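# Chain and residue survey
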Amino acid sequence: MTAAASWEAAGGELPPEISVLLNSSGVDALENLKLSVAIPEWETELEGGITTSKTDVLALCRNEIGLCVVAVEAKVNEDFGPLVEAKRNGATIP
């Protein structure tokens, strides 16, 4: 709900927190992005999976360099789960 409120409050632009983060990245392709469309709950099929993965917001943006796709996973007071390295350390190879 917090993510939806943030995007709605941005009035057709990227939310300020996202703009600041991208503009400070040092990557020209991520700076001064203008939002074209934001799609909530974008579903992506995972090869070999039985369910789709949902991205909280998929934003199509543009700047003077070109098109940029920004996928946002919104979290409030929760972690993303174990790091890939930790999962690999516990994995078994058939």
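Right, let's walk through the structure included here. (Residues numbered from 1 in each chain as written. Predicted model: local features only at pLDDT ≥ 70, side-chain atom pairs only at ≥ 80, totals over all residues. Heavy atoms only, no water.)

### Topic: the nonpolar core
Counting residues in each nonpolar core, the largest one holds 12 residues, listed as Trp7, Leu14, Ile18, Leu22, Leu33, Leu35, Val57, Ala59, Cys61, Cys68, Val70 and Val72. Listing elements by their share of this core, those giving two or more residues are helix H2 (16–23), strand E2 (52–62) and strand E3 (67–72). When sequence neighbours within four positions are dropped, the list of residues in contact with Ile18 reads Trp7 and Val72. (Core = buried A, V, L, I, M, F, W, Y, C linked by side-chain atoms within 4.5 Å. Buried < 20%, exposed > 50% of the residue type's maximum accessible area, 1.4 Å probe, protein only. Helix = DSSP H or I, 4+ residues; strand = E, 2+ residues; numbered from the N terminus. Contact = heavy atoms within 4.5 Å.)

### Some thoughts on the pattern of salt bridges
Following the criterion strictly, the structure yields one salt bridge and no others. Linking Lys54 and Glu43 is a salt bridge whose minimum nitrogen-to-oxygen distance equals 4.0 Å. Taken together, the residues Lys54 in strand E2 and Glu43 in strand E1 (residues 34–45) connect sequence positions 11 residues apart. By relative accessible area, which is 43% here, Lys54 ends up partly exposed. For Glu43, a relative accessible area of 45% translates into the label partly exposed. (Salt bridge = Lys/Arg side-chain N within 4 Å of Asp/Glu carboxyl O.)

### Structural notes on the pairing of E1
Direction of pairing for E1 relative to E2: antiparallel, over a ladder of 10 bridges. Paired with Ile39 across the bridge in E2 is Leu58. Connecting E1 to the next strand, E2, in antiparallel fashion are six residues, including Gly48 with a positive phi near 80°. (Pairing = 2+ DSSP bridges.)

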